[in-house]
Amino acid sequence: MVFYALLFGLSATSVIIFLGLLYQKYSSRARRRLKTESKPEIVLTQKEKPKEYLPSALVEKCEEKLGIHRSGTKVKELKKTLVQAGIYSDRAVSMFFGAKLGLALGLPILSMPLILGKVLPGALKAPVIMGLLAVGYFFPTFILNRLVEARQKKITEGLPDALDLLVVCVEAGQGLNAALKRVAEDLKLSNPALSKELGLVNLEINAGLERETALRNLAERTGVEDVSSLCSMLIQSDRFGTSMAQALKVQSEMLRTTRRQRLEELAAKTPVKLVFPLLLFIFPALMVVIIGPAAIRIMENLK
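Everything quoted here is computed from the prediction, not taken from an experiment. (Residues numbered from 1 in each chain as written. Predicted model: local features only at pLDDT ≥ 70, side-chain atom pairs only at ≥ 80, totals over all residues. Heavy atoms only, no water.)

Draft legend 1. Local environment of the packing of aromatic side chains. Here the structure, examined in full by the defined rule, presents two aromatic pairs. Ring geometry for Phe-96 and Phe-97: centres 6.2 Å apart, planes at 70°, overall edge-to-face. Here Phe-96 falls in the buried class, since its relative accessible area comes to 12%. You can call Phe-97 buried: its relative accessible area is 6%. Between the aromatic rings of Tyr-137 and Phe-138, the centroid separation amounts to 5.2 Å while the plane-to-plane angle is 90°, which identifies the pairing as edge-to-face. Taking the ring centre of Tyr-137 as reference, the NZ or CZ of Lys-100 above it sits at 3.9 Å. (Phe/Tyr/Trp six-rings, centres within 6.5 Å; stacked < 30°, edge-to-face > 60°. Buried < 20%, exposed > 50% of the residue type's maximum accessible area, 1.4 Å probe, protein only. Lys NZ or Arg CZ within 6 Å of the ring centre and 35° of its normal.)

Draft legend 2. Seen up close, the nonpolar core. Among the nonpolar cores identified, the biggest contains 35 residues, and Leu-198 and Leu-248 are the most heavily contacted of them. Among the elements of the structure, helix 6 (122-171), helix 7 (176-186), helix 8 (192-206), helix 9 (211-222), helix 10 (225-240) and helix 11 (244-302) are those that each provide at least two residues to this core. With eight residues, the top contributor of residues to this core is helix 6. Other than its neighbours up to four places away in sequence, Leu-198 contacts Leu-180, Val-183, Ala-184, Leu-187 and Leu-218. Ranked by size, the runner-up nonpolar core spans 10 residues in total, among them Val-75, Leu-78, Ala-85 and Phe-97. (Core = buried A, V, L, I, M, F, W, Y, C linked by side-chain atoms within 4.5 Å. Helix = DSSP H or I, 4+ residues; strand = E, 2+ residues; numbered from the N terminus. Contact = heavy atoms within 4.5 Å.)

Function cannot be read off these values alone, since they describe shape.
Now the structure itself:
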């Protein structure tokens, strides 16, 4: 039994080392390519060539088999989800896949003393190992989805206030770019997520990107339906030359109406959600308090 545990540990360690080298090459390949493309006139000598631990063909084949090629659909969707969670690092994709594979292999290895001992029956050892593999593999995805939901909730809650500030700035005579910058500065403490997104829009516009493209990038980065509708409204107002302040007022009123309707919907669902706690926890206690004394008296009289 100990021999099988050591064999499994050695095989898992070799797999982890292989995956670490693979991800190291995957994360540093784009950086090396940028360096070589920025200096085409310089010819790399044998000493200046970057060290490659694995053949390029093998790395590309493994990336395609695992679905982690940088131009693949899975990696693009993961990058979009990471951006929606507020993670903009270039190495976030590599670290995410490394965390998934590391936890998937690490949890069974750490639980080997418990699995190989006499605590668990033999029939449950294989399901426990598979369960730990699944938990380790899907746990980073679960955490990432929770981060995305929390950030989108904060952005949704702060959007009506941001619209009110935009209306005030635009009516005071500022342009949309200056208004976005001022609102981003004012929301740094109350809503950092929305402030950062508005600041990125302003930076993209100052860098030479068209306002329409910058607003579409904002809608894609946040993934919030209200922000998408706001960006569409601003694009249409800018394209057709309508009053920006009036359009922002209408959008703000619509957002507040939508928020009120959502709260009314949640309030209407409250009685239905309270049925199960009442039946499981409150009614049994009431029955014990009400019927308990009477039952005791009846038992005493029957004696």
